[in-house]
Amino acid sequence: MKKLCSAVFVIVLLIAPPLLGSEQKLGKGVTIKTATPVKALLAEPEKYLGKEVMIEGEIAQVCQMQGCWVMVKDASSAEPIMVKVDDGVIVFPKEGAGRRISAQGKLEKVSDEAQKEAGSTSPYRIKGTGAVLK
């Protein structure tokens, strides 16, 4: 019995790390294969406006009310871009800051009021449909 318990314990130790570090799919996930740099989106927004894009980067900030948006920063830009989702459709983990993310959605322009309310410096955001947290 002792050997069986030891064997089970070893198997759990071998299986647990990959499960703990696994990716977390949110919403529809990500289907676009190539990421668009945040700097490119913000430098030439007209080129991407209304188009489906995918970004990859680090979560700089998460909505602490409902988990309905994240600010994502990548190596190409000092300025993050907001990924906003419909309330309750996707809920980003409130403790997600610092995690890697791939997010997909349409680039849109927001009103000055919405921009100020979100505390964003950019009038552009991604209306997210899916994401993968790493």
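Structure: see above.
Residues numbered from 1 in each chain as written. Predicted model: local features only at pLDDT ≥ 70, side-chain atom pairs only at ≥ 80, totals over all residues. Heavy atoms only, no water.

A.B. asks: Before we go on, may I ask you to explain the environment of G128 in this structure?
C.D. replies: Following the sequence through the fold, G128 ends up in strand 6 (residues 124-133). For the pair G128 and K28, spaced 100 residues apart in the sequence, the C-alpha separation amounts to 9.4 Å. Setting aside chain neighbours within four positions, we find G128 in contact with V83, K84, V85, Q104 and G105. (Helix = DSSP H or I, 4+ residues; strand = E, 2+ residues; numbered from the N terminus. Contact = heavy atoms within 4.5 Å.)

A.B. asks: Just checking my understanding: could you explain the layout of surface pockets for this structure?
C.D. replies: Estimated volume of the largest pocket: approximately 160 Å³. Surrounding the largest pocket, W69, M82, K84, A114, E117, A118 and R125 form its lining. Of all the elements in the fold, those that place two or more residues in the lining of the largest pocket are strand 4 (81-84) and helix 4 (112-118). With 3 residues, the top contributor of residues to the lining of the largest pocket is helix 4. (1 Å grid on protein atoms, 1.4 Å probe; cavity = no way out; pocket = protein on both sides within 12 Å on 5 of 7 lines; lining within 4 Å. Points joined across faces, edges and corners; volume = space filled by probe spheres on them.)

A.B. asks: For this particular structure, what's the right way to read empty space enclosed by the protein?
C.D. replies: To find the voids left in a structure, one rolls a probe of water-molecule size over its atoms. This structure, assessed with the given rule, holds 1 cavity of 30 Å³ or more. Size it by volume and the largest cavity reaches roughly 50 Å³. Around the largest cavity, the lining residues are M82, V110, A114, Q115, A118, S120, S122, Y124 and R125. Residue contributions to the lining of the largest cavity peak at 3 residues, all from helix 4.

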